[in-house]
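These are the residues of each chain, in order.
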Amino acid sequence: MGFARACSVALVGVEGVVVEVQADLEPGVAAFTLVGLPDKSLVESRDRVRAAVVNSGAEWPQKKLTVGLSPASVPKSGSGFDLAVACAVLGAAERIDPAAIADVVMIGELGLDGRVRPVRGVLPAVLAAAEAGYRQVVVPEQTAGEAALVPGVSVLGVRSLRQLIAVLGDEPVPDEPAADRGRPDTMLAGLMVPGAGLGTGLARSSAEGAEQHRPDLADVAGQGRARKALEVAAAGGHHLLLTGPPGAGKTMLAERLTAILPPLSRQESLEVTAVHSVAGILPPGEPLVSRAPYCAPHHSATMQSLVGGGNGLPRPGAVSLAHRGVLFLDEAPEFSGRALDALRQPLESGHVVVARAAGVVRLPARFLLLLAANPCPCGRHTLAGAGCECPPSAVRRYQARLSGPLLDRVDLRVEVEPVGRADLMGHGGRGESSAEVAVRVREARERAAERLAGTPWATNSEVPGHELRTRLVAAPGALMAAERDMERGVLTARGLDRVLRVAWTVADLRAADRPDASDVAVALELRTGIQRGVPVRAGAR
């Protein structure tokens, strides 16, 4: 009787569970039994592993073989267990030393010819292995760079099972021919779901040559108030609603928001990369996402596609793909009411909990929400002499599609005015570039981070209202206008807290120690749209 074990990782959402792959050989009729709650793709690994072992020059044991995946109560899916199953079988057959693989985590799919194919979710799998105390990981060669992002883990990238057998047995490592560079590498096909990255700005087609053609704020004509709102939203992480007629530049402004956001920190990059790796939208050759993602789903998107879902265990939705970045909902009133209201929880908590029959998954979802809406179904309601024929009841119904509880969570609401001829023809000069605005945004974020050092919050939008009213207090008398609005019913308690957060961001942009009455007035005007007699323009210090 022979016994050996190796380790692999089962992914539940974007979190991993280390799975012990045990192989047991007993005398009897040759058979291969796989137990431990595997799914269909994992059951099929029996045939893949047998063919890969034989075609790698090793002998398949002609005995009763039982492979168990422990813990058996955790659902296991995907083809990433092939490598661990093959090594456990070879260890039980004494082709390799069982002690050499007992504490090694192996992740990878096997082809019938013995080649090791890459799989999605390598980064979160290696992170889970490191947290469990494992220090040696074997992954496909194409994903070795992604696995190497985890500190304190020794990563071995292999091209074939034959190479791994040689390494484990201290034998000469055979040379494997590299892929033909004159054509696309077919081994990378399993890393990206076709078309999945098109809505995130991270697809391969958008990555090549994108630096030379990245949208710039200088391309936007006029719109000083909307540009200021965009700057405040980026500096404090505040949610933003842009309302205006078609052609005013709402989409142009949204597409340029990520250009003024600061680069992701190391921890944020790991979080974003882990989500995108699981979702299959991580561009090949870019193991680490360093810029804020931008996700813009179509208004026909379902609730499951926004918050996460799918057959079996839920997969990341648009709110998770936009984690640490921007979620842009163009034509927001055209989204279904259930889909929009499903955004309430992640807007408050920074994560989404999706419960299904197969299990409950917690997915990260701390994003900056940007909504764009027309004033009425035809879009000409606010244009003088434009001939809007929508009856008042249709206008009210259209605007009511954005529910009050959802809008109460949006810090900034700006009316985007039509562009005038002088601005469009450039008579007023070009506006500031994204690089100039990004400098102010970065400085404001640094001031906020210094003020919030030692707390679990990094931006003003995350600070609870209790802290703003007790520890981080504004200047004396600064809140008088906000308190009057609250008494009149213009602001809710949540709205007052969000006005305070925006006021702190406005103060950070002008390098002030704390917000005064003018900063609160700007925050109130950006939230309510009511003129307060203070200048709100792009670049104001």
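Residues numbered from 1 in each chain as written. Predicted model: local features only at pLDDT ≥ 70, side-chain atom pairs only at ≥ 80, totals over all residues. Heavy atoms only, no water.

Student: Honestly, the overall build of the chain in this entry has me stumped. Any pointers?
Tutor: Helix and strand content of the chain: 24 helices and 16 strands. For the chain, the proportion of its 541 residues judged to be buried stands at 50%. In the chain, the proportion of contacts linking residues at least 24 apart, taken out of those at least 6 apart, comes to 72%. As displayed, the chain offers around 23,500 Å² of accessible surface, 51% of which is attributable to carbon and sulfur atoms. (Helix = DSSP H or I, 4+ residues; strand = E, 2+ residues; numbered from the N terminus. Buried < 20%, exposed > 50% of the residue type's maximum accessible area, 1.4 Å probe, protein only. Contact = heavy atoms within 4.5 Å. Areas by Shrake-Rupley, 256 points an atom, 1.4 Å probe, with all protein chains shown as cover.)

Student: What is the right way to look at empty space enclosed by the protein in this model?
Tutor: Sizing a probe to match a water molecule and rolling it over the atoms shows the empty space that remains. Throughout the structure, instances matching the rule amount to one cavity of 30 Å³ or more. Within this model, the largest cavity holds a volume of roughly 40 Å³. As for the largest cavity, its lining consists of Arg451, Asn460, Val463, Leu468, Leu472, Arg501 and Trp504. Across the lining of the largest cavity, the residue classes tally to four nonpolar, one polar and two charged. (1 Å grid on protein atoms, 1.4 Å probe; cavity = no way out; pocket = protein on both sides within 12 Å on 5 of 7 lines; lining within 4 Å. Points joined across faces, edges and corners; volume = space filled by probe spheres on them. Nonpolar A, V, L, I, M, F, W, Y, C, P; charged D, E, K, R; others polar.)

Student: Is there a simple way to think about the sheet that holds strand 12 (residues 326-329) in this case?
Tutor: What holds strands together in a sheet is hydrogen bonding between their backbones, with the strands either parallel or antiparallel. The five strands are arranged 11-12-15-10-16 in an open sheet whose pairing can be described as parallel. Where the open sheet ends on each side, the last strands, each with one partner, are strand 11 (294-295) and strand 16 (412-415). Summarising the sheet, strand 12 and strand 15 (residues 368-373) pair through four bridges and their orientation is parallel. If you follow valine 326 over to strand 15, its bridge partner there is leucine 368. (Pairing = 2+ DSSP bridges.)

Student: Mind showing me how you'd approach the packing of aromatic side chains here?
Tutor: In this description, a pair of aromatic rings is defined by centroid distance and the angle of the planes. A complete count under the given rule lists two aromatic pairs for this structure. Measuring from ring centre to ring centre gives 5.7 Å for phenylalanine 32 and tryptophan 60, while their planes differ by 45 degrees; the resulting arrangement is tilted. Linking phenylalanine 32 in strand 3 (residues 31-35) with tryptophan 60 in the loop between helix 2 (45-55) and strand 4 (64-70), this pair joins segments that are 28 residues apart in sequence. Under the relative-accessibility criterion, phenylalanine 32 is labelled buried at 9%. (Phe/Tyr/Trp six-rings, centres within 6.5 Å; stacked < 30°, edge-to-face > 60°.)

Student: Would you explain a nonpolar patch on the surface in this entry?
Tutor: A cluster of nonpolar residues, Leu156, Val167 and Val173, forms a patch on the protein surface that exposes about 200 Å² of accessible area. Locating leucine 156 in the fold gives a position in strand 9 (residues 154-158). Overall, the relative accessible area of 32% leaves leucine 156 in the partly exposed class. (Patch = residues over 30% accessible without salt bridge, like charges linked within 9 Å, V, L, I, M, F, W, Y side chains within 5 Å. Salt bridge = Lys/Arg side-chain N within 4 Å of Asp/Glu carboxyl O.)

Student: Is there a simple way to think about the nonpolar core in this case?
Tutor: Residues Leu240, Leu257, Ile260 and Leu370 are the most contacted members of the largest nonpolar core, which totals 51 residues. Here the element with the most residues in this core is helix 9 (residues 224-236); it accounts for seven residues. In this structure leucine 370 touches Leu240, Leu242, Ala254, Leu257, Val326, Leu327, Phe328 and Leu329, once residues within four positions along its chain are discounted. Ranked by size, the runner-up nonpolar core spans 41 residues in total, among them Leu42, Val89, Val138 and Leu161. (Core = buried A, V, L, I, M, F, W, Y, C linked by side-chain atoms within 4.5 Å.)

Student: How do you make sense of the packing of helix 5 (residues 122-131) against helix 12 (residues 266-279) when you look at a structure like this?
Tutor: Between two packed helices, what matters for the description is the angle formed by their axes and the separation of those axes. Taken N-terminus to C-terminus, the directions of helix 5 and helix 12 make an angle of 120 degrees; their axes are 7 Å apart at the nearest point. It follows that helix 5 is oblique to helix 12 by the angle criterion. Taking contact as the criterion, the partners of Val122, Leu123 and Pro124 in helix 5 are, on helix 12, Leu270, Thr273, Ala274, Ser277 and Val278. When its residues are assigned to classes, the contact of helix 5 with helix 12 shows six nonpolar, two polar and no charged. (Axes fitted to C-alpha atoms, helices over the stretch in contact; angles between N-to-C directions. Parallel < 35°, antiparallel > 145°, perpendicular 65-115°, else oblique.)

Student: Would you mind showing me how to read helix 3 (residues 82-92) here?
Tutor: An α-helical segment advances 3.6 residues per turn. Residues three or four places apart therefore align on the same side. Counted residue by residue, helix 3 has eleven buried out of eleven residues, so it is predominantly covered. Looking at helix 3, one finds that the buried residues are Asp82, Leu83, Ala84, Val85, Ala86, Cys87, Ala88, Val89, Leu90, Gly91 and Ala92. Looking one or two residues beyond helix 3, the residue adopting positive phi is glutamate 94, at roughly 65 degrees.

Student: When you look at the pattern of salt bridges in this model, what are you seeing that I'm missing?
Tutor: Proximity of charged atoms lets side chains of opposite charge pair with each other. Across all of its chains, the model carries 27 salt bridges by this definition. The salt bridge involving aspartate 497 is made with arginine 469; its shortest N-O contact spans 2.4 Å. Taken together, the residues aspartate 497 in helix 23 (residues 493-509) and arginine 469 in helix 21 (residues 465-470) connect sequence positions 28 residues apart. Aspartate 497 sits in the buried class, given a relative accessible area of 13%. Judged by relative accessible area, arginine 469 falls into the partly exposed class, the value being 46%.

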